[in-house]
Amino acid sequence: MSRWYAQGSGIRMDHPGEDVYLSPWRQEYPSHLGSLDMLVVWLPLVPVDEMVGNVLCCPGSHAAGLMPVRLHDPLSARRNGSMATEIVDLDRHLRDYPEMSIDTRPGDALSL
């Protein structure tokens, strides 16, 4: 069965010099709670490279399964949804699964 999870869709806009509301390292399931079998697709509307802040991923990290998260702001009182959780032992996971930087252009579809 396939379905569209509307609450998990949206447009991420980056503003030059913005460094407060960046998305931290995360797994998508704890962020959206849709399905363990969901597919996440990034569709860039403009060229996105390292200079403007491209997508970073850790190939193979999905094999570790769900990673525990620490909840910082359960009611989102600070209106910072993406900053409300943090992967426990993130440094260890980044050592186990080195990051990869992905440049994208309009017309690309990146599935993570």
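Owing to the predicted nature of the structure, the values given are computational and were not obtained by experimental measurement. (Residues numbered from 1 in each chain as written. Predicted model: local features only at pLDDT ≥ 70, side-chain atom pairs only at ≥ 80, totals over all residues. Heavy atoms only, no water.)

Take the overall build of the protein next. In terms of regular secondary structure, the protein is built from 2 helices and 6 strands. Contacts in the protein between residues at least 24 apart in sequence constitute 69% of all its contacts with a sequence separation of at least 6. When the accessible surface of the protein is summed, it comes to about 8,900 Å², and 57% of that surface belongs to carbon and sulfur atoms. (Helix = DSSP H or I, 4+ residues; strand = E, 2+ residues; numbered from the N terminus. Contact = heavy atoms within 4.5 Å. Areas by Shrake-Rupley, 256 points an atom, 1.4 Å probe, with all protein chains shown as cover.)

The next subject is unusual backbone geometry. Even without being glycine, Asp 89 reaches a positive phi, approximately 60°. Tracing the sequence through the fold places Asp 89 in the loop between β4 (85-87) and α2 (90-96).

Another point: a nonpolar patch on the surface. Together, Leu 39, Val 41 and Leu 43 line one region of the surface with nonpolar side chains, adding up to about 320 Å² of accessible area. Relative to the elements of secondary structure, Val 41 occurs in strand β1 (residues 41-42). For Val 41, a relative accessible area of 43% translates into the label partly exposed. (Patch = residues over 30% accessible without salt bridge, like charges linked within 9 Å, V, L, I, M, F, W, Y side chains within 5 Å. Salt bridge = Lys/Arg side-chain N within 4 Å of Asp/Glu carboxyl O. Buried < 20%, exposed > 50% of the residue type's maximum accessible area, 1.4 Å probe, protein only.)

Once that is clear, we can look at the pattern of salt bridges. Side chains that carry opposite charge are capable of pairing whenever their charged atoms lie near each other. Scanning the entire structure with this criterion turns up 2 salt bridges. For Arg 70, the salt bridge is made with Glu 86, and the minimal N-O distance between the two is 3.3 Å. Of this pair, Arg 70 sits in strand β3 (residues 69-71) while Glu 86 sits in strand β4, and the two are 16 residues apart along the sequence. Judged by its relative accessible area of 38%, Arg 70 falls in the partly exposed class. Assessed through its relative accessible area of 31%, Glu 86 is described here as partly exposed. Measuring nitrogen to oxygen at the nearest pair gives 3.6 Å for the salt bridge that ties Asp 96 to Arg 92. Of the two residues, Asp 96 and Arg 92 both sit in helix α2, 4 residues apart, roughly one turn of that helix. For Arg 92, a relative accessible area of 37% translates into the label partly exposed.

This part takes up the environment of Leu 43. Tracing the backbone shows Leu 43 in the loop between β1 and β2 (55-57). Taking C-alpha positions, Leu 43 is 6.3 Å from Asp 108, a pair spaced 65 residues apart along the chain. If near-sequence neighbours (up to four positions away) are discounted, Leu 43 is found in contact with Asp 108 and Ala 109.

With 73% of its residues at a pLDDT of 70 or more, the protein shows a mean pLDDT of 78. For the protein, the element scoring lowest by mean pLDDT is helix α1 (residues 28-32), at 65; strand β5 (residues 100-102) scores highest, at 92. (pLDDT = per-residue confidence, 0-100.)

Bringing the environment of Gln 27 into the picture now. If you trace the backbone, Gln 27 turns up in the segment before α1. Spatially, the C-alpha atom of Gln 27 lies 8.3 Å from that of Ile 87, the residues being 60 residues apart in sequence. Apart from residues no more than four positions distant in its own chain, Gln 27 is found in contact with Gly 65, Leu 66, Met 67 and Ile 87.

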